[in-house]
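Secondary and tertiary structure notes
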Amino acid sequence: LYSSAASDVYKRQTLAGSEVLTNKTIGSTGLTFSGAATDVTTATGEDFTVTANGAGIINLNDSVTTGALTISGAVTDITTGSGESLVIVANGAGTVDIQDATTVDSLTTDTGGVSIAAGQSYTGAGAVTLSSTTNGLTLDSGNNNLTIAATDTALSATGVATLTLAPNVSIT
């Protein structure tokens, strides 16, 4: 709406074609885009920045599709709500590849177990416990040769009631 000073008659104006809106505020009803293949885009070579003012948050309520997502900052956290899970899925036969040092408080797999690639090692800082709470624990080297480092001079088996060895095996 605009007012003509000469007549004080309010007239409705509509945007047609390409218009530049500078420093405008969208009211409480929000903003809806309809019919455009690309709803929001920037000029060539410019970043697209969305910032919540003050303590506000940026809330994406539906599925978000991206070719690549980069999250950066001095401290970068992805935090879920209380009791919610963060699920990262590589659909199809893809993998989730974590390339930097990672701290995991607890790791549970639902299928397939945990694999360590050939030529890699598992190292614990301090004592490392490998255990099974529901089934037997199997150590399988894949080549019938289970090696204990030469610097380890004792093998303890506390609480072992039975030790079964293959025929012609001796312990010295």
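Above this text is the structure in question.
Residues numbered from 1 in each chain as written. Predicted model: local features only at pLDDT ≥ 70, side-chain atom pairs only at ≥ 80, totals over all residues. Heavy atoms only, no water.

**Observations regarding the overall build of the protein**
Of the regular secondary structure elements, the protein holds 0 helices and 2 strands. Sorting the 172 residues of the protein into buried and exposed places 0% on the buried side. Counting only contacts in the protein whose residues sit at least 6 apart along the sequence, the fraction spanning at least 24 positions is 0%. Looking at the protein as shown, the accessible area adds up to about 17,400 Å², and 49% of this sits on carbon and sulfur atoms. (Helix = DSSP H or I, 4+ residues; strand = E, 2+ residues; numbered from the N terminus. Buried < 20%, exposed > 50% of the residue type's maximum accessible area, 1.4 Å probe, protein only. Contact = heavy atoms within 4.5 Å. Areas by Shrake-Rupley, 256 points an atom, 1.4 Å probe, with all protein chains shown as cover.)

**Remarks on unusual backbone geometry**
Backbone geometry places Asn-168, a non-glycine residue, at a positive phi of 65 degrees. Along the chain, Asn-168 falls in the segment after β2 (10-11).

**Points about a nonpolar patch on the surface**
Residues Ile-26, Leu-31, Phe-33, Val-40, Phe-48, Val-50, Ile-58, Leu-60 and Val-64 make up a contiguous nonpolar surface patch of roughly 900 Å² in combined accessible area. Tracing the chain through its elements places Ile-26 in the segment after β2. Residue classification places Ile-26 among the partly exposed positions, given a relative accessible area of 45%. (Patch = residues over 30% accessible without salt bridge, like charges linked within 9 Å, V, L, I, M, F, W, Y side chains within 5 Å. Salt bridge = Lys/Arg side-chain N within 4 Å of Asp/Glu carboxyl O.)

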